[in-house]
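Close look at the chain arrangement
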Amino acid sequence: MIGLKAPSFSRAASASFLGLMLCLSAPLNSLAQDADPATQRVSSLSDALLDTMRQAKELGIKGRYDKLAPVLAKTYDLPLMTRIAVGQSWDALTQEQRQAIVSAFTRMTTATYASRFDGFSGEQFLILQTLDQKNGDKIVKTQIIQSNGKPVALSYLVRKTGNDWRIIDVYLNGTISELANRRAEFGAVLKSSGAEGLVGSLNKQGDKLLAGS
Amino acid sequence: MAAVALAAALSACAGGPSYAPDMLASDEPVGTPSAAIATASPATTEATADVASLPGNVASLPGDVTSLPGDEASEVHDPMEKMNRSTFERNQRFNRAVVYPVAKAYINTVPEPVRNSVENFTQNLSEPMTFANDLLQLRVGAAVATLGRFTLNSTVGVGGLFDVASKHDLPEQSGDFGQTLYVWGMRKSPYLVVPLIGPTNVRDLFGTTVDVAATIPAGGLLPTQYATAVNNVSVAGTVTTPMSKLGEADQLKQLEDTSIDPYIMLRSVVQQKRQAELQEALETSAWTAGRYGTNSVSTATLLKTPALNTKEQDLVPDAVSGVQ
């Protein structure tokens, strides 16, 4: 009996010790990275954003754009998001029109990030919970703790595409879907001024953001 | 224009709200938004509701039809869009000329703790009206939490200057007469942009008017009425209404900067935020919880998914639809 118990105790103790060391040595986000690929995707985005915010002034808006562009292209499934935002009109578009909308939306999204994350004053990004969805998607719930200590809830909808997990929607305050907002906007602009009008509007807004206005 | 809106609201009310027949159908869930996200460490759990599912793999859909739960464009009831757009444009001109500069000066000159206290004080004065509406909606948990908040913040929080309740697991609750009317059965209401105040809808504008009027016999203090108006206008969906909260003017400017059609963008944001509050009320009201509130984690507080249009519902079988 003793012979059986001793190794068991020893394993448990080792595991506890290892766990304790991991907790002490690894930051929260690293633990999240080990836990789940969707969580890891969001965690990487948070790290990149914090990094950009800390260097915001030196980089300037163009520098932030260049730094964030590859990160966002890897993090978000922007072509799919564009397609969902365009909705049923997508079928009627030519390949060139589709590509132009995806490019313009990608550029404006990146410009938005470069414009918004323009400084660092002690904000924190916390990952709270990852929820499995029935269709295989995951929702990663996070909080940005602002410099005044007030939290802003952000939830990410993450989907596996091929071998990769990518964000396809962001929910502000846990309730306001960015993709639903874009879908509403795209629908209105497509209706009033067609695909060319949509590309023009997206590019114009991207230009304004990059000009810092 | 406000008079027209009020007349429309009154005529809509003349039809009478339909009272829920299944009163006292079930116990009120005690979950709150903060309770749902209280876990401080990462954890993977099964969602109780498939609230944000998209069609299996959009890329492989044969008809190449992309769809999204919460197709906001088709859900917002905006029959007065032309007039609303025109009011919105005038509001934005006023915002750019007056409100944004004032808000900027306010933020730059008034220290943050003072600004927070102003907001807390205003919020605290409106808590009695929130409490009353939570009772009218039979949301016992929300009413008790609001009573607790008011008591704690009015005493320990030095007359409401400090929101100590939020730090003691008593987060701010929703509760206004527009929401009450919704719970009572007045579900669909036209979107409305009010001069200077901003976006709301006919039902909520009427609700706000009632809330403000109700404070007159209940003390008649001007700050109380102002606070009720500010709180309810804010609750009525104007997350970004600069006239109600100067500190939030920046959010509206950001929204404008990153939008290709700010009118539609604001309408979408307002609609989603308000719908989440209305859904939360339905799910936690003892009158309606039996029909709408079966999940321990509220779909409204977790992730709001407005109703799909009929065509798209077929494509997203597992999505949790809205209530309209």
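Here, every reference points to the structure presented above.
Report follows, based on the coordinates. Model, not experiment: these values are computed from the prediction. (Residues numbered from 1 in each chain as written. Chains lettered and ligands numbered in written order. Predicted model: local features only at pLDDT ≥ 70, side-chain atom pairs only at ≥ 80, totals over all residues. Heavy atoms only, no water.)

Turning our attention to the overall build of chain B. The secondary structure content of chain B amounts to 16 helices and three strands. Within chain B, the proportion of its 324 residues that are buried is 51%. (Helix = DSSP H or I, 4+ residues; strand = E, 2+ residues; numbered from the N terminus. Buried < 20%, exposed > 50% of the residue type's maximum accessible area, 1.4 Å probe, protein only.)

Turning next to helix H10 (residues 202–214) of chain B. Residues and elements named next belong to chain B. The end-to-end C-alpha distance of H10, which contains 13 residues, comes to 18 Å, matching closely the 18 Å that a straight helix rising 1.5 Å per residue would cover. Those residues of H10 not exposed but buried are Val202, Arg203, Asp204, Leu205, Phe206, Gly207, Thr208 and Asp211. Capping the start of H10, Asn201 holds a side-chain oxygen 3.1 Å from the backbone nitrogen of Arg203, two or three residues further along. (Expected span 1.5 Å × (residues − 1). Polar contact = N/O pair within 3.5 Å; in protein donor to acceptor, adjacent residues only side chain to side chain.)

So, on to a nonpolar patch on the surface. Residue and element names in this part refer to chain B. A surface patch of nonpolar side chains, about 360 Å² in accessible area, is lined by Phe94, Val98, Val102, Leu196 and Ile197. Inspection of the secondary structure puts Val102 in helix H4 (residues 81–109). The class for Val102 is partly exposed, based on a relative accessible area of 41%. (Patch = residues over 30% accessible without salt bridge, like charges linked within 9 Å, V, L, I, M, F, W, Y side chains within 5 Å. Areas by Shrake-Rupley, 256 points an atom, 1.4 Å probe, with all protein chains shown as cover. Salt bridge = Lys/Arg side-chain N within 4 Å of Asp/Glu carboxyl O.)

Here the focus is the nonpolar core. Tyr76, Ile101, Tyr156, Phe186, Leu198 and Leu202 of chain A are the most contacted members of the largest nonpolar core, which totals 56 residues. Ranked by the residues each element gives to this core, the list is headed by helix H7 (residues 178–210) of chain A, at 10 residues. Setting aside anything within four residues of it in sequence, one finds Phe186 of chain A in contact with Thr82, Ala85, Val86, Ile101, Phe105, Leu198 and Leu202 of chain A together with Ile260 of chain B. Counting residues in hydrophobic clusters, the runner-up holds 16 residues, among them Ile176 and Ala184 of chain A together with Val76 and Val193 of chain B. (Core = buried A, V, L, I, M, F, W, Y, C linked by side-chain atoms within 4.5 Å. Contact = heavy atoms within 4.5 Å.)

Moving on: the environment of Thr94 of chain A. One can find Thr94 of chain A in the loop between helix H5 (78–86) and helix H6 (95–116). Sequence separation of Thr94 of chain A and Lys62 of chain A is 32 residues, and the distance between their C-alpha atoms is 31 Å.

On to the packing of aromatic side chains. In total, this model carries seven aromatic pairs over all chains according to the counting rule given. Relative to Phe117 of chain A, the ring of Tyr113 of chain A lies with its centre 5.5 Å away and its plane at 15 degrees, an arrangement referred to as stacked. Among the residues examined, Tyr113 of chain A registers a relative accessible area of 14% and is labelled buried. With relative accessibility at 16%, the residue Phe117 of chain A sits in the buried group. Their ring planes at 85 degrees and their centres at 5.9 Å tell us that Phe177 of chain B and Trp184 of chain B sit as a pair that is edge-to-face. Site record: aromatic cluster; members linked through ring pairs are Tyr76, Tyr113 and Phe117 of chain A. Over the ring of Phe120 of chain A we find Arg54 of chain A; its NZ or CZ atom is 4.7 Å from the centre of that ring. Above the face of the Tyr182 of chain B ring, Arg187 of chain B is positioned so that its terminal group lies 5.1 Å from the ring centre. (Phe/Tyr/Trp six-rings, centres within 6.5 Å; stacked < 30°, edge-to-face > 60°. Lys NZ or Arg CZ within 6 Å of the ring centre and 35° of its normal.)

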